[in-house]
Amino acid sequence: QSAVVDATNMTRILKCVDEYATSGNKNVRLALVTVLLNAASYMKASAPAGGYQYNSGTDNLPDLFLITVGNICGSGLYEAEAIARLVVALGTAVLIDGTWLAKAKALNMGSMLQHVADQHGEKARAIATEVRSILE
């Protein structure tokens, strides 16, 4: 029962982050990527031994998470610190289980993230290089 509730709540959280991903407010954008980082950390820490059970469709947590990361990267609105946190969030997410990693690889997330991070300073670039090594 609790895993279903957690998935439902996480779905709501990820949809909320995606809804506000193009906010014009710098502090809101930083808060949103912090929520993604916290969500990835929570899901990684609480992942069941056999991995998560996933539903098909739009409420699939890896899909929602990765789509949101893609939307943020594509927006061009985020500052260096927010991008660094986003890269860490993605790196954490792809370690949740094999499904997350496979979906991120299929979407070529490593290349996209490296491209965005390269425009946001040495810190983001270095983290993206590490995450990309996981995705290759």
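Whatever comes next refers back to the structure up there.
Keep in mind the model is a prediction, meaning the values are calculated, not measured.

**Details of the environment of Val-28**
So, step 1. Mapped onto the elements, Val-28 comes out in helix α2 (residues 26–45).
So, step 2. Considered as a pair, Val-28 and Ala-49 are 21 residues apart in the sequence and their alpha carbons are 34 Å apart.

**Things to note about the pattern of salt bridges**
If charged atoms from side chains of opposite charge come close, those side chains can pair.
So, step 1. In total, this model carries 7 salt bridges according to the counting rule given.
So, step 2. Lys-103 is paired through a salt bridge with Asp-63; the nearest N and O atoms lie 3.1 Å apart. Residue Lys-103 is located in helix α5 (residues 98–106), and its partner Asp-63 is located in helix α3 (residues 61–75); the two are separated by 40 residues in the primary sequence.
So, step 3. Judged by its relative accessible area of 24%, Asp-63 falls in the partly exposed class.
So, step 4. Where Arg-85 meets Glu-81, a salt bridge forms, and the shortest distance between an N and an O atom there is 3.0 Å. Taken together, the residues span about one helical turn, with Arg-85 and Glu-81 both in helix α4 (residues 80–93) at a distance of 4 residues.
So, step 5. The class for Arg-85 is partly exposed, based on a relative accessible area of 26%.

**Observations concerning the nonpolar core**
So, step 1. Core analysis: the largest hydrophobic core is formed by 38 residues, its most contacted members being Leu-36, Met-43, Phe-65, Val-69, Tyr-78, Ile-83 and Leu-86.
So, step 2. Listed by contribution, the elements that provide at least two residues to this core are α1 (2–19), α2, α3, α4, α5, α6 (109–118) and α7 (121–135).
So, step 3. Broken down by element, the residue count for this core peaks at 8 residues, all from α4.
So, step 4. Here Met-43 is in contact with Met-10, Tyr-52, Leu-61, Phe-65, Ile-96 and Trp-100, once residues within four sequence places are set aside.

**What to know about the packing of aromatic side chains**
So, step 1. Per the counting criterion, the structure on display carries 1 aromatic pair.
So, step 2. Centroid distance Phe-65 to Trp-100: 5.5 Å. Interplanar angle 70°. Geometry classified as edge-to-face. On the criterion of sequence distance, the pair formed by Phe-65 in helix α3 and Trp-100 in helix α5 is long-range, its members being 35 residues apart.
So, step 3. Looking at Trp-100, the relative accessible area reads 1%, which means it is buried.

**Side note on the packing of α3 against α5**
So, step 1. Between α3 and α5, the shortest axis-to-axis distance is 10 Å and the interhelical angle comes to 40°. As judged from the angle between their axes, α3 and α5 are oblique. Considering the relative orientation of α3 and α5, their crossing is right-handed. The segment α3 lies against α5, with Leu-61, Pro-62, Asp-63, Phe-65 and Leu-66 engaging Thr-99, Trp-100, Lys-103 and Ala-104.

**Section: the packing of α6 against α7**
So, step 1. Contact geometry of α6 with α7 gives a least axis separation of 8 Å together with a crossing angle of 170°. Classified by the angle their axes make, α6 and α7 are roughly antiparallel. Residues Met-109, Gly-110, Ser-111, Leu-113, Gln-114, Ala-117 and Asp-118 of α6 form the contact with α7, whose participating residues are Gly-121, Ala-124, Arg-125, Ala-128, Thr-129, Val-131, Arg-132 and Leu-135.
So, step 2. Here the contact of α6 with α7 is composed, by residue class, of 7 nonpolar, 5 polar and 3 charged.

**A word on the environment of Glu-136**
So, step 1. As for its position among the elements, Glu-136 is in the segment after α7.
So, step 2. Residue Glu-136 is classed as exposed on the basis of its relative accessible area, which comes to 65%.
So, step 3. Separated by 96 residues in the primary sequence, Glu-136 and Ala-40 place their C-alpha atoms 20 Å from one another.

Conventions we followed
- Residues numbered from 1 in each chain as written.
- Predicted model: local features only at pLDDT ≥ 70, side-chain atom pairs only at ≥ 80, totals over all residues.
- Heavy atoms only, no water.
- Helix = DSSP H or I, 4+ residues; strand = E, 2+ residues; numbered from the N terminus.
- Salt bridge = Lys/Arg side-chain N within 4 Å of Asp/Glu carboxyl O.
- Buried < 20%, exposed > 50% of the residue type's maximum accessible area, 1.4 Å probe, protein only.
- Core = buried A, V, L, I, M, F, W, Y, C linked by side-chain atoms within 4.5 Å.
- Contact = heavy atoms within 4.5 Å.
- Phe/Tyr/Trp six-rings, centres within 6.5 Å; stacked < 30°, edge-to-face > 60°.
- Axes fitted to C-alpha atoms, helices over the stretch in contact; angles between N-to-C directions.
- Parallel < 35°, antiparallel > 145°, perpendicular 65-115°, else oblique.
- Left-handed = near helix turned anticlockwise from the far one by under 90°.
- Nonpolar A, V, L, I, M, F, W, Y, C, P; charged D, E, K, R; others polar.

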